Amino acid sequence: MKLKLELANAEREHLKEQVAFEKKALQRKEREATLDREREKEALQRKEREAELQLKLAEKQAELEREQAALQCERERDHLELKERELEIQREHNKKQADSALDHHRKELDLETTQHTWRQQAEAKLPIRFNLSHAIKLMPSFVEAEVDVFFTSFEALASQLSWPQDQWSVLLGSHLTGRAAVTLSTIASETDYQVLKQAVLDAYLLSTETYRRTTRSRKFNKSILTY
């Protein structure tokens, strides 16, 4: 009887140990399952973060590419506008050159025609008639940076074509621009050519002696070239 009791107690202890062991095993499995779930959750969160980061990087890259494309388009547009402006400036320059050459050619033809007419009149001993409107067309161009050149050219042309000196002031007033025209407007009643010329020279701070030296120098250089 005692032996049976001991065996029963031993069996109960064994069952208790087995239950405790299984309980611990179950707890271990639960902990492992919990750890697995946490690891899976962390892995999923990490993948989500990586995917979000990749999406942001892709958006940034797309935005950068759009900005670069817009900048490239703007550069190309600016380059095209610059080319168009350069072409327009070149066209205007070519047109001015062509117009200037045509005007110069017309003046040369008018001058040749006038000289021929006056030679015929001189040979026929007829009085030379002065045509003011025709003379104005033959006037040299006035450039404010070359006032002395204008007066030298004008006086040489007027002398060559025998224009009446009392008309020189009229011709002068019809062709000056800028500061020279303003200067003449302040002495509109003056008709003496030399007075008008000196007033213009004074306006551009050119003394009479400077003008004479320039004129002599130009005549000297022209005589050397002709010789």
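In case you missed it, the structure is sitting above this.
Residues numbered from 1 in each chain as written. Predicted model: local features only at pLDDT ≥ 70, side-chain atom pairs only at ≥ 80, totals over all residues. Heavy atoms only, no water.

Novice: In this structure, what is going on with a negative patch on the surface? I would like to understand it.
Specialist: Judged by side-chain charge, Glu74, Asp78, Glu81 and Glu84 come together as a negatively charged surface patch. For Asp78, a relative accessible area of 39% puts it in the partly exposed group. (Patch = residues over 30% accessible without salt bridge, like charges linked within 9 Å, V, L, I, M, F, W, Y side chains within 5 Å. Areas by Shrake-Rupley, 256 points an atom, 1.4 Å probe, with all protein chains shown as cover. Salt bridge = Lys/Arg side-chain N within 4 Å of Asp/Glu carboxyl O. Lys, Arg positive; Asp, Glu negative; His and termini not counted. Charge placed at Lys NZ, Arg CZ, Asp CG, Glu CD. Buried < 20%, exposed > 50% of the residue type's maximum accessible area, 1.4 Å probe, protein only.)

Novice: Hey, could you run me through the nonpolar core in this one?
Specialist: Nonpolar side chains in soluble globular proteins tend to end up buried together. Grouped together as the largest cluster of nonpolar side chains are 24 residues, with contacts concentrated most on Phe150, Phe151, Phe154, Trp163, Leu176 and Val200. Mapped by element, the contributors of at least two residues to this core are helix H2 (132–138), helix H3 (147–160), helix H4 (168–175), helix H5 (178–186) and helix H6 (193–203). Looking at this core element by element, the count peaks at 6 residues for H3. (Core = buried A, V, L, I, M, F, W, Y, C linked by side-chain atoms within 4.5 Å. Helix = DSSP H or I, 4+ residues; strand = E, 2+ residues; numbered from the N terminus.)

Novice: Whenever I open this one, the pattern of salt bridges confuses me. Can you help?
Specialist: Side chains that differ in charge, positive against negative, can pair when their charged atoms come close. Summed over all chains, the structure comprises 4 salt bridges. One salt bridge connects Glu52 with Lys56, and the closest N-O pair in it is separated by 3.8 Å. On the criterion of helical spacing, the pair formed by Glu52 and Lys56 is a turn pair, its members being 4 residues apart in helix H1 (residues 2–123). What makes Glu52 partly exposed here is its relative accessible area of 45%. For Lys56, a relative accessible area of 47% corresponds to the partly exposed category.

Novice: Honestly, the packing of H4 against H6 in this entry has me stumped. Any pointers?
Specialist: The packing of two helices is summarised by the inter-axis angle and the distance between the axes. Relative to each other, H4 and H6 sit at 30°, their axes nearing to 9 Å. In terms of orientation, H4 lies roughly parallel with respect to H6. Between H4 and H6 lies a crossing of left-handed hand. On H6, the residues touching Trp168, Ser169 and Leu172 of H4 are Tyr193, Leu196 and Lys197. Residue composition of the contact of H4 with H6, grouped by class: 4 nonpolar, 1 polar and 1 charged. (Axes fitted to C-alpha atoms, helices over the stretch in contact; angles between N-to-C directions. Parallel < 35°, antiparallel > 145°, perpendicular 65-115°, else oblique. Left-handed = near helix turned anticlockwise from the far one by under 90°. Contact = heavy atoms within 4.5 Å. Nonpolar A, V, L, I, M, F, W, Y, C, P; charged D, E, K, R; others polar.)

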